[in-house]
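Observations on chain architecture
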Amino acid sequence: MHEPGIPHLTAADPELATLVEGEAKRQFEKVRLIASENYVSTAVLEATGTVLTNKYSEGYAGKRYYEGQQFIDQIETLAVDRAKALFGVDHANVQTYSGSPANLAVYLALANPGDTVMGMGLPAGGHLTHGWNVSATGKWFRAVQYGVRKDTGRIDLDEVREVARAERPKLIFCGGTAIPRTIDFPAFAEIAREVGAVLVADIAHIAGLVAGGAHPSPVGHAQVITTTTHKTLRGPRGAMLLSDAEHAKALDKAVFPGLQGGPHNHTTAGIAVALREAAQPSFAEYAAAVVANAQALAGALQERGFDLVSGGTDNHLILIDLTSKGIGGKPAAQAMDRAGIELNYNTVPFDPRKPFDPSGVRLGTPAVTTRGLGVDQMPQLADWIDRAVQAASAGDESAIEKVAAEVRDLLAAYPMPGWA
Ligand SMILES: *Cc1c(COP(=O)(O)O)cnc(C)c1O
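Not measured: the values here are computed from a predicted model. Residue positions are given per chain, counting from 1 as you read along its sequence in written order. Per-residue local features of the predicted model are confined to residues with pLDDT of at least 70, and side-chain atom pairs are confined, for both listing and counting, to 80 or more; whole-chain, interface and lining totals are unaffected and use all residues. Side-chain figures throughout are based on the complete set of non-hydrogen atoms in the structure, without hydrogens or water.

**Description of empty space enclosed by the protein**
For each structure, a 1 Å grid was placed over the protein atoms alone; sets of points admitting a 1.4 Å probe that cannot get out are labelled cavities, open sets with protein on both sides within 12 Å along at least five of seven lines are labelled pockets, and lining residues have an atom within 4 Å of a point. Grid points are joined across faces, edges and corners, and a volume is the space filled by probe spheres set on the points. Using the criterion set out here, one finds two cavities of 30 Å³ or more in the structure. If you add up the space inside the largest cavity, you get close to 70 Å³. As for the largest cavity, its lining consists of 14 residues, of which Gly176, Ile179, Ile183, His205 and Ile206 are closest to the centre. Each residue is assigned to one of three groups, with Ala, Val, Leu, Ile, Met, Phe, Trp, Tyr, Cys and Pro labelled nonpolar, Asp, Glu, Lys and Arg labelled charged, and all others, Gly among them, labelled polar. The residue inventory of the lining of the largest cavity, partitioned by class, reads six nonpolar, six polar and two charged. Looking at which domains feed residues into the lining of the largest cavity, each of domain 1 (30–39 + 282–411) and domain 2 (48–278) supplies at least three. Taken as a whole, the second largest cavity holds about 60 Å³ of empty space. Taken together, Val94, Gln95, Thr96, Tyr97, Gly238, Ala239, Pro263, His264, Thr267, Thr268 and Ile271 form the lining of the second largest cavity. Put simply, DSSP marks the helices as runs of H or I at least four residues long and the strands as runs of E at least two long, and each gets a number from the N terminus on. Element by element, the count of residues in the lining of the second largest cavity is highest for helix α11 (residues 265–278), at three residues. Residues of the lining of the second largest cavity, tallied by class, amount to five nonpolar, six polar and no charged. In this entry, domain limits derive from an automatic or database-based domain assignment.

This is the structure:
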């Protein structure tokens, strides 16, 4: 059953309550390996389910456009202060609705339509909002892109420098959605300095690892940092902008009134709770365990003949190129979902196949680590993945069902926050 319980919802809207309970059970029974997902604590769930959702508070603490901010001001200030302390930055804005609007706020604050901006290409592991052509950021700005080296699968810093020197972008984005390796913030900073660009580190995926000391911090290298709060940071769906003092005002103005109206105060409260949790010593242990699990899983997959982009991982994320297994990413991901193993199909760098039917799958260990799985369980996960992929190639549905039953059996012993 969902925890906290949902008796009022069940009485008022049984149809919806049944769906919520179904999703909670699904999250309990599956090995959740989507690299951008996690399980928030029940404390975060409670904070996001409060009457704070009733309140309008356009503006910032002490400068609001609505009355009645006696508590909201304190809640937002708590979140801001905790973000500043956790990441060691001068300024934090916790109002952005999610990662994509947070990035849009950076463009609005620091560039004009038509300006040249630079980011990692989506097929190489960048995010849509780093200037990819279907995104507003690629349509409204003159976006130039960098990628990874074909031989190493790692970011090509020579290419980054060459493109930056030739194009003189106003903004350089580093970070992405499918980067299994450590991001070299000092190297990006040097390039940005040389060409007079503002370096923006988008740490949406790795924010929890940065907070927990399991990935180097961009602070002191990137003037502006954007992050979601719901991936490795293990908070509610939301985002933050972190920056030096110089860019604080422009970023705040871009978020409100530039892009948004009232902040989602229930989310702000959930972010505040998650930031408090992330400041505890146990969260550093969590971050280290996420990386240890990813490396153990990567090794166990390689032992079973899986081809990993860049040959492994430094962080929470693994990108498998399934070409050598003779199956596309999409049918493999769908088969694994039926086997109780949840991940997503993903483009691999230089993918010869189409984005909707690419060669790879992406997986990560933030959620299973929250669940309490450790390095000893990673070979079992790799074995299930291997068996599910083989079963998918052979069209053997009963082998897939057998894996799903084994997954349910193992996970029954690992408690899930949000489920009792
Ligand atoms: C997830 C992600 C985002 C976008 O976050 P949403 O909350 O889904 O809008 C932006 N940048 C990076 C690098 C991400 O991984």
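From this point on, the discussion continues.
**As for the side chain of Asn293**
By the element assignment, Asn293 lies in helix α12 (residues 281–303). Among all residues touching Asn293, those that are not within four sequence positions of it are Thr365, Thr369, Leu373, Gly374, Val375 and Met378. Working rule for contacts: check all heavy atoms of both residues, and any pair within 4.5 Å makes them a contact.

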